[in-house]
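Read off the chains here:
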Amino acid sequence: MDQLTPAVTFILLYGVSFGIVLFVISIGLVLTLGLMRIVNLAHGVFAVLGGYLAFKLPALLDIGFLAAAVTAVLLVLLIGVVLERVFFRWLFGMSELEQVLATIGFCFAFIALLTFAFGPNVLATKYPEWLSGNVSVLGRPFPVYRVFVMVAGLVILLGLWLLFDHTSFGATLRACVDNQSMAKASGINVNWYFSVAFAIGASLAAIGGIVGAGMLPLEPLYPFKHLPLFLTIVALSGFGNIKASLVVSLVVGLVDTAGRYFVPELGAFTVFTLLVILVLWRPQGLLMGWK
Amino acid sequence: MAAAGSAHGLEVGTEMELNKHNFWRSRVGLLWWLMALACYFIFPDYRGFGASVLVMTLFALSFGLALGFAGIISLGHAMYFGIGAYVAGRLALAGWQEPISGVLISGLVTGVLAIGIGFVILRLSGLPLLMVTMALSVIVFEAANKATSITGGDDGLTGVSFKPVLGIFNWSLDGNVQFLYSLTWLAVVFLFARRLVSSPYGLSMVGIRENPLRMSLLGAPVLRRLVVMYALCASFAGIAGALLTQNTAFVGLQVLSLETSVDVLVMVVLGGAFSLYGALLGAPVYLIVKYVTQQWNPFYWMLVIGVLLMGVTFFLKGGIAGFLSRIFQNRRTE
Amino acid sequence: MKRQLLKTLLATATIAALAPIAALAQQETIRIGIVNHDTGPFATPGREIRTGIEIFRELNGDTVGGRKVEIIFRDMGGPNPATARRLVEELVVRDKVSILGGFYLTSDASAASAVINQTNTPTVLFVAASPTLLTQSQLFVRAGQNIGQSAVAAAQFALKSGKRKAYVAVSDYAPGHDVQKFFRSAFEAGGGKIVDELRAPLNTVDYAPIAERIKNADIDVLDVFVPPGAAAVSFSKALAAQGVMKQNLVIGMGEAEDADLNLFDDSIIGFHQALYYAESLDNPENKAFTAALKKKYGNDRSPTFAAVSAYDGMALIYKMIESQRGKPFDAKTAHQAALGVTIRSPRGALTIDAATREPVQDIHIRRIDKVSGKLRNTVVDTFKAVKAPVLAN
């Protein structure tokens, strides 16, 4: 038992911080899929773009990390709005297969452009000094960086909760999800809400990419490399279910960390085995509806 | 079970239904086969490449059948392709080097495997099915990576060789035998598939795809039919995999990769998911464009392919096959 | 008499007419095929290989043995042995290359071995390091290393440094398994004990659990092997965060070349690597090589082991071509021309063992330190003239 406690603390702390990164990145995909029924396999694009901008801007514009991160998120927000109008909006009426094809194509093109711009290597990401070092948490050293990740995740969660449960915007958005035709009939400009949701999703992905760069290194192949992971979370969450996706992300983070800790050889299997079991057990997703 | 009214979460693209096959069967379809054969003579230096295109076309056909007619969206079809490839390889290493029977055995193994898997997963549809197939495929890939004694790991299976086809056609570096051998297999499977699709069984598959609830209410054994179709498609994929092994005298882990599953999905949707010729159009186009762009400049191919895919989705509804059929339909009505 | 004269005149005229043609024939072109990774997950080392080739051509020209050398590059696009076989087939059959080079991944070469054997094409493996590779074709010659050389050197250095309790953590793919075997064998042979081993799947994204496991073990040396790039960065950061770097001798292979050091932070200081090249090596060839590299590609570029391997591979290929001066190309003698030779390489002296076709070379132990404010690899020890090791079992 004595040997188990440090292992459990480790898995808890590291698994949760990893899960939070996955959550922040995948939320946008959950929203897009749930609201607009668009299978956006290129979602990782926003995450990696945010990351690249945040780590390249300090040198380019001679600003600090936080300023660069904020700028990067805003830029991705802008780009997300533009792309939604120009590209993603048109996926709305298509069959799922066509959406898959179009977004894969978009992903390919984007990866190619990123490679042209920055080369095929992993990006050198150096977080600022105040994120380095360890603190003592639950009786063990824990990187400040990971504490930051958890705090950021909490803040975002709070923001989302406030947005969806305590603003009229959020209420309207939920109405659009639950019953689109009724919402339209009530005179709500559903399309506008979807566009906003898409933009939010893109910026959240950017935050996730920036904050998570220490765990998911930034490179051009990023959107493809981590697609199975993001898709796993989305699939297990059910459509548009934010609370479920938080639970799922944390579970995935914990299971992956635990798996790799106890049986590193089989580390590659744990998440996907979990996926198979869960999907076969509950095809509609883990939790139903908004709580 | 999928919700009524939605074909496994799949919305029908264009109405490339079975009745189109009569049309295709006539001149246009034949043209494809003639062109394929012509390539053998027109591009003698590219027969090896041609053989690989034909093998992937067969693989795409196997996937297109499952997707277009049974509505089974899978991101893990490479699993059967790869298993077929490894079975053929191991057979050869064990001394069984007769190619045609080797292919048939591989197809049988993958088909039987798919029956078991199908009964479990085909209760699902749409995104959950997609995810499970993807997860299974990744698990099989990782397992193969670890089982180095069986698969050779990421170094691959070497020392694989085969007896001449029918005892007389020798495998050679210029790819002559590989090309014609693969073309023959493709033709055989295609004819079988076409028969299947226009049979009453095939019609019931369309029904299942369109409205599974109604079909089951009508008394059709939906799951069983899906599993049979799935197993047939898996065995076709296994045949394609075995052909690849025989053509290249090698098996590498990539036959099982997620990338391969994604590639074949792209090829089929590109060509048109609801026509048997979709696979036959999509696979060569995708592979040839990729090949040519890579020769031109290896750095540009991802951009070109990406733009191509987006272009086809937006401007060519129903893929290439859909586009062609519209052209010919218009011409016919004039 | 007249007929004799006529014959002689005819003969002389023919020879006179053919002489310029013969001279032209001496200027014939010889084609070399390079199988490389320009795109895909190995594009980075692929670029280094191309660089090495270009620098060699800069410094040595593109004519040798009376022939003009034409290089045909082919892109693998990622790990795909089927593609390797097809590319080699095309290079040999269609493009009519006489010698093959390149080959970064072991599977690139092993898939093509059947074709190489069938067509009798001399092949120089620039980087592919698997020990069993050379058994697949008698025509393979290695210009990089046999991975066992560095793995054994790492073990010997650890023993030399007084370490006796080792943990071996590698990526779960063939080269990683090879490193495991050789390190273990050499370390135990020297009286050390392998406390534990693990294989991390290649798709590992978060290395913290692995680092945690290592931290909990009672060891004094950790031997690692992960592919350079994302994996190396993540792994080393995770190790540093757990304090593993500071507490133990951590020794790898090629995870942190000088060219890559901008990806790491100061936590990489103290990381050792056993490899056959280091940028800081002080010999005239390395100086010339580095100078030419920086001149052509800018001061920010640094030489790497992949570039040097390609450079030396080209040297071997040129030796092969040189051996065919004045006669039609003969694969057997060309191949033999590379055996038993010693070339002066930026890495020092490189000898190709005539019997095993493996390289015999110095393996350097490098350590990352901060030198004038910048992270750099410095050589702290050298094992001289290391041969390709053979495992006991």
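How each quantity is defined
- Residues numbered from 1 in each chain as written.
- Chains lettered and ligands numbered in written order.
- Predicted model: local features only at pLDDT ≥ 70, side-chain atom pairs only at ≥ 80, totals over all residues.
- Helix = DSSP H or I, 4+ residues; strand = E, 2+ residues; numbered from the N terminus.
- Rg over C-alpha atoms; globule rule 2.2 N^0.38 Å.
- Buried ≥ 20, exposed ≤ 12 C-beta atoms within 10 Å, placed from the backbone.
- Contact = placed C-beta atoms within 7 Å.
- Nonpolar A, V, L, I, M, F, W, Y, C, P; charged D, E, K, R; others polar.
- Core = buried A, V, L, I, M, F, W, Y, C linked by C-beta atoms within 7 Å.
- Domains from an automatic or database assignment.
- Expected span 1.5 Å × (residues − 1).
- Pairing = 2+ DSSP bridges.
- pLDDT = per-residue confidence, 0-100.
- Axes fitted to C-alpha atoms, helices over the stretch in contact; angles between N-to-C directions.
- Left-handed = near helix turned anticlockwise from the far one by under 90°.
- Parallel < 35°, antiparallel > 145°, perpendicular 65-115°, else oblique.

## Some words on the overall build of chain A
Turning to step 1, where the next piece is worked out: Within chain A, the regular secondary structure consists of 12 helices and two strands.
Turning to step 2, where the next piece is worked out: Counting from the amino terminus, helix and strand elements in chain A follow one another as α-α-α-α-β-β-α-α-α-α-α-α-α-α.
Turning to step 3, where the next piece is worked out: Taken against the 2.2 N^0.38 rule, which gives 19 Å for 291 residues, the C-alpha radius of gyration of chain A at 19 Å falls within 12% of a compact globule.
Turning to step 4, where the next piece is worked out: When the backbone C-alpha atoms are referred to their principal axes, chain A occupies close to 60 × 50 × 35 Å.

## Overview of the overall build of chain C
Turning to step 1, where the next piece is worked out: Along chain C, the regular secondary structure elements total 12 helices and 15 strands.
Turning to step 2, where the next piece is worked out: Taken over the C-alpha trace, chain C has a radius of gyration of 24 Å; the compact-globule value for 393 residues is 21 Å, and the two agree within 12%.
Turning to step 3, where the next piece is worked out: Along the first, second and third principal axes, the C-alpha set of chain C runs to 100 × 45 × 35 Å.
Turning to step 4, where the next piece is worked out: Looking at the 393 residues of chain C, the share that counts as buried comes to 59%.
Turning to step 5, where the next piece is worked out: Within chain C, residue pairs in contact and separated by at least 24 positions form 69% of the contacts whose partners lie at least 6 positions apart.

## Quick word on the interface of chain A and chain B
Turning to step 1, where the next piece is worked out: With 29 residues of chain A in contact, the opposing surface of chain B contributes 31 residues.
Turning to step 2, where the next piece is worked out: For the side of chain A that touches chain B, the secondary structure elements donating two or more residues are α4 (96-118), α10 (227-237) and α12 (267-281) of chain A.
Turning to step 3, where the next piece is worked out: At 14 residues, α4 of chain A tops the list of elements feeding residues into the side of chain A that touches chain B.
Turning to step 4, where the next piece is worked out: When the residues that make up the side of chain A that touches chain B are grouped by side-chain class, the tally is 23 nonpolar, four polar and two charged.

## Notes on the nonpolar core
Turning to step 1, where the next piece is worked out: In this structure, A206 of chain A together with L58 and Y230 of chain B are the most contacted members of the largest nonpolar core, which totals 333 residues.
Turning to step 2, where the next piece is worked out: Counting only domains with at least three residues in this core, you end up with domain 1 (26-145 + 282-357) and domain 2 (148-275 + 363-386) of chain C.
Turning to step 3, where the next piece is worked out: Apart from residues lying up to four places away in sequence, L58 of chain B is in contact with W185, L186, V189, F236, I239, A240 and L243 of chain B.

## Quick word on helix α3 (residues 81-94) of chain C
Turning to step 1, where the next piece is worked out: Taking 1.5 Å as the rise per residue, α3 of chain C with 14 residues should run 20 Å; its terminal C-alpha atoms sit 19 Å apart, in good agreement.
Turning to step 2, where the next piece is worked out: The buried fraction of α3 of chain C amounts to 12 of the 14 residues, a majority that puts the element mostly inside the structure.
Turning to step 3, where the next piece is worked out: When α3 of chain C is considered as a whole, its buried residues turn out to be P81, A82, T83, A84, R85, R86, L87, V88, E89, E90, L91 and V92 of chain C.
Turning to step 4, where the next piece is worked out: Packing partners of the buried residues in α3 of chain C comprise α3 (47-69) and α11 (222-248) of chain B together with β1 (29-36), β3 (67-75), β4 (99-102) and α4 (106-119) of chain C.
Turning to step 5, where the next piece is worked out: Looking one or two residues past α3 of chain C, K96 of chain C carries a phi angle of roughly 55°, positive in sign.

## Focus on the domain arrangement of chain C
Residues and elements named next belong to chain C.
Turning to step 1, where the next piece is worked out: Domain annotation of chain C identifies domain 1 (26-145 + 282-357) and domain 2 (148-275 + 363-386).
Turning to step 2, where the next piece is worked out: For domain 1 versus domain 2, the separation of C-alpha centres amounts to 28 Å.
Turning to step 3, where the next piece is worked out: On the side of domain 2, 12 residues touch domain 1, which itself brings 10 residues to the contact.
Turning to step 4, where the next piece is worked out: When the residues that make up the side of domain 1 that touches domain 2 are grouped by side-chain class, the tally is three nonpolar, six polar and one charged.

## Describing the interface of chain A and chain C
Turning to step 1, where the next piece is worked out: In this complex, chain A contributes 22 residues to the contact, which on the side of chain C involves 25 residues.
Turning to step 2, where the next piece is worked out: Elements with a contribution of two residues or more to the side of chain A that touches chain C: α1 (4-36), α11 (242-262) and α12 of chain A.
Turning to step 3, where the next piece is worked out: Partitioning the side of chain A that touches chain C into residue classes produces 14 nonpolar, four polar and four charged.

## A short note on the environment of I25 of chain A
Residues and elements named next belong to chain A.
Turning to step 1, where the next piece is worked out: Assignment of secondary structure puts I25 in helix α1.
Turning to step 2, where the next piece is worked out: Considering only alpha carbons, one finds I25 and S203, 178 residues apart in sequence, at a separation of 9.1 Å.
Turning to step 3, where the next piece is worked out: With sequence-adjacent residues up to four places away left out, I25 is seen in contact with A47, A205, G208, G209, G212 and F230.

## A look at the environment of T204 of chain C
All names here are of chain C.
Turning to step 1, where the next piece is worked out: Looking at the element boundaries, T204 is found in the loop between β8 (193-200) and α7 (208-215).
Turning to step 2, where the next piece is worked out: You can call T204 buried: it has 22 C-beta atoms within 10 Å.
Turning to step 3, where the next piece is worked out: As for T204 and G252, which are separated by 48 residues in sequence, their C-alpha atoms are 18 Å apart.

## Notes on the pairing of strand β10 (residues 249-252) of chain C
Residues and elements named next belong to chain C.
Turning to step 1, where the next piece is worked out: With burial as the criterion, each face of β10 is covered, one bearing L249 and I251 and the other bearing V250 and G252.
Turning to step 2, where the next piece is worked out: Two elements, strand β9 (residues 221-225) and β10, share three bridges in a ladder whose sense is parallel. Residue pairing for β10: D223 is matched across the bridge by I251.
Turning to step 3, where the next piece is worked out: For β10 and strand β11 (residues 272-275), the ladder comprises two bridges, and the chain directions are parallel. In the sheet register, G252 faces β11, and the bridge partner there is Q273.

## A closer look at the confidence of the model for chain A
In low-pLDDT regions, the fine details of the predicted coordinates are not to be read closely.
Turning to step 1, where the next piece is worked out: When pLDDT is averaged along chain A, the result is 85, and 95% of the positions lie at 70 or above.
Turning to step 2, where the next piece is worked out: Considering only residues more than four positions removed or in separate chains, one finds that residues 287-291 of chain A, a stretch of pLDDT under 50, has eight contacts.

## As for the packing of α11 of chain A against α12 of chain A
Packed helices, taken two at a time, are described by the angle between their axes plus the distance between the axes.
Residue and element names in this part refer to chain A.
Turning to step 1, where the next piece is worked out: Close contact between α11 and α12 brings their axes to 8 Å; oriented N to C, the two are set at 145°. Two packed elements cross with a definite hand, and for α11 against α12 that hand is right-handed. Here V252, V255, D256, G259 and R260 of α11 lie close against α12, whose contacting residues are G267, T270, V271 and L274.
Turning to step 2, where the next piece is worked out: Across the contact of α11 with α12, the residue classes break down as four nonpolar, three polar and two charged.

## What to know about the packing of helix α2 (residues 43-60) of chain C against helix α10 (residues 284-297) of chain C
Residues and elements named next belong to chain C.
Turning to step 1, where the next piece is worked out: It is at 10 Å that the axes of α2 and α10 come closest, and there the two elements cross at 105°. With respect to α10, the element α2 is oriented roughly perpendicular. Judged by residue contacts, T51, I55, E58 and L59 of α2 engage A288, F289, A292, L293, K296 and Y297 from α10.
Turning to step 2, where the next piece is worked out: Residue classes in the contact of α2 with α10 are distributed as seven nonpolar, one polar and two charged.

## Digging into helix α8 (residues 190-211) of chain A
Given 3.6 residues per turn, any residue in an α-helix points the same way as the ones three and four places further on.
Turning to step 1, where the next piece is worked out: Between its terminal C-alpha atoms α8 of chain A stretches 31 Å, which fits the 32 Å expected from 22 residues at 1.5 Å a residue.
Turning to step 2, where the next piece is worked out: Where burial is concerned, most of α8 of chain A is hidden: 18 out of the 22 residues are buried.

## Details of the environment of Q180 of chain C
Residue and element names in this part refer to chain C.
Turning to step 1, where the next piece is worked out: With respect to the helices and strands, the residue Q180 is situated in helix α6 (residues 174-189).
Turning to step 2, where the next piece is worked out: Note on Q180: 20 C-beta atoms within 10 Å, which makes it buried.
Turning to step 3, where the next piece is worked out: Residues Q180 and L198, 18 residues apart in the sequence, show an inter-C-alpha distance of 9.1 Å.
Turning to step 4, where the next piece is worked out: Those residues in contact with Q180, other than ones at most four positions away along the chain, are V168, V170 and E197.

## Side note on the pairing of strand β2 (residues 140-143) of chain A
Residues and elements named next belong to chain A.
Turning to step 1, where the next piece is worked out: For strand β1 (residues 134-137) and β2, the ladder comprises four bridges, and the chain directions are antiparallel. Bridge assignment links V137 to a residue of β2, and that residue is R140.
Turning to step 2, where the next piece is worked out: The hairpin turn running from β1 into β2, its antiparallel successor, is two residues long, and L138 in that turn takes a positive phi close to 50°.

## Regarding the confidence of the model for chain C
Residues and elements named next belong to chain C.
Turning to step 1, where the next piece is worked out: Confidence along chain C averages 90 in pLDDT terms, with 93% of residues attaining 70 or more.
Turning to step 2, where the next piece is worked out: Ranking the elements of chain C by mean pLDDT puts helix α1 (residues 2-26) last, at 59, and strand β5 (residues 123-125) first, at 97.
Turning to step 3, where the next piece is worked out: With pTM at 0.84, the complex prediction returns an ipTM value of 0.84.

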